[in-house]
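Results of the structural survey
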Amino acid sequence: MKILKRIIIVVLAIIALVVIVAYFLPRTISTERSVLINTDDSTAFYIACSMKNGDFWEEKSPPTVVYETIGGCEEGTIQKWEGESMRNGMMTLTEMVPLKKLRWDIEYEGASEKWTYIVTIDKEGNHILVTWGIEIDLGYNPTLRYMGLIMGEIWEPELDE
């Protein structure tokens, strides 16, 4: 009986240690990518603002995902999606600085973390530098904080892109 009691105490101590260490891990993660394109700032802004043209910047969406956009290129515009290969969710355009910056708040069905997607547009000579990134607030969930250690690396651009 003493051995069982010691085993239980050791297991509980390990669990407590894992949880305590999680709170020393970063609460937020972020990553971004950039592309230099040969266009004017109004065209780049339109493409970035039009949620229907998101595949221009990002990887192509799976064909099973169904999108619904409510609104245009204005604060309050919502895009919802449903699909077998990704979690259902929606994003709301919460900030817009014409020809400069767009910010969306993203919610996933059943998720507690808070996602923010930001696009900035800057003139670089005759080209436009478009930078887009994701910020995620993982909250107090210890499991998400451990996952956060690898999530940033998943979205980091590869050197040969």
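Residues numbered from 1 in each chain as written. Predicted model: local features only at pLDDT ≥ 70, side-chain atom pairs only at ≥ 80, totals over all residues. Heavy atoms only, no water.

What to know about the packing of aromatic side chains
Applying the stated criterion across every chain, the model contains three aromatic pairs. When the centroid spacing of 5.8 Å and the interplanar angle of 70° are considered together, the rings of Trp81 and Tyr108 count as edge-to-face. Remark: Tyr108 occurs in strand β5 (residues 101–108) and Trp81 occurs in strand β3 (residues 78–82); sequence separation between them is 27 residues. Ring geometry for Tyr108 and Trp115: centres 5.0 Å apart, planes at 70°, overall edge-to-face. Judged by its relative accessible area of 18%, Tyr108 is buried. (Phe/Tyr/Trp six-rings, centres within 6.5 Å; stacked < 30°, edge-to-face > 60°. Helix = DSSP H or I, 4+ residues; strand = E, 2+ residues; numbered from the N terminus. Buried < 20%, exposed > 50% of the residue type's maximum accessible area, 1.4 Å probe, protein only.)

Here we look at the confidence of the model for the protein chain
Confidence along the protein chain averages 83 in pLDDT terms, with 86% of residues attaining 70 or more. Confidence over residues 54–58 falls short of pLDDT 50; this stretch has twelve contacts with residues more than four positions distant or in other chains. (pLDDT = per-residue confidence, 0-100. Contact = heavy atoms within 4.5 Å.)

Observations concerning the sheet that holds strand β6 (residues 114–124)
Within a sheet, each strand pairs with its neighbour through backbone hydrogen bonds, oriented either parallel or antiparallel. What the seven strands build is an open sheet, ordered β1-β7-β6-β5-β4-β3-β2; its pairing is antiparallel. At either margin of the open sheet sits one strand with a lone partner, and together these are β1 (28–37) and β2 (66–70). Between one strand axis and the next, the sheet turns through 20° on average, direction left out of account. Where β1 lies against strand β7 (residues 127–137), ten bridges are found, and the strand directions are antiparallel. Bridged to Ile29 within β7 is Ile136. (Pairing = 2+ DSSP bridges. Axes fitted to C-alpha atoms, helices over the stretch in contact; angles between N-to-C directions.)

Overview of helix α2 (residues 41–49)
Every buried residue of α2 is accounted for by Asp41, Ala44, Phe45, Ile47, Ala48 and Cys49. Its buried side turned inward, α2 meets β1, β4 (89–97), β5, β6 and β7.

Some details on the side chain of Thr116
Locating Thr116 in the fold gives a position in strand β6. When near neighbours in sequence (up to four residues on either side) are disregarded, Thr116 contacts Arg103, Trp104, Asp105, Gly133, Ile134 and Glu135.

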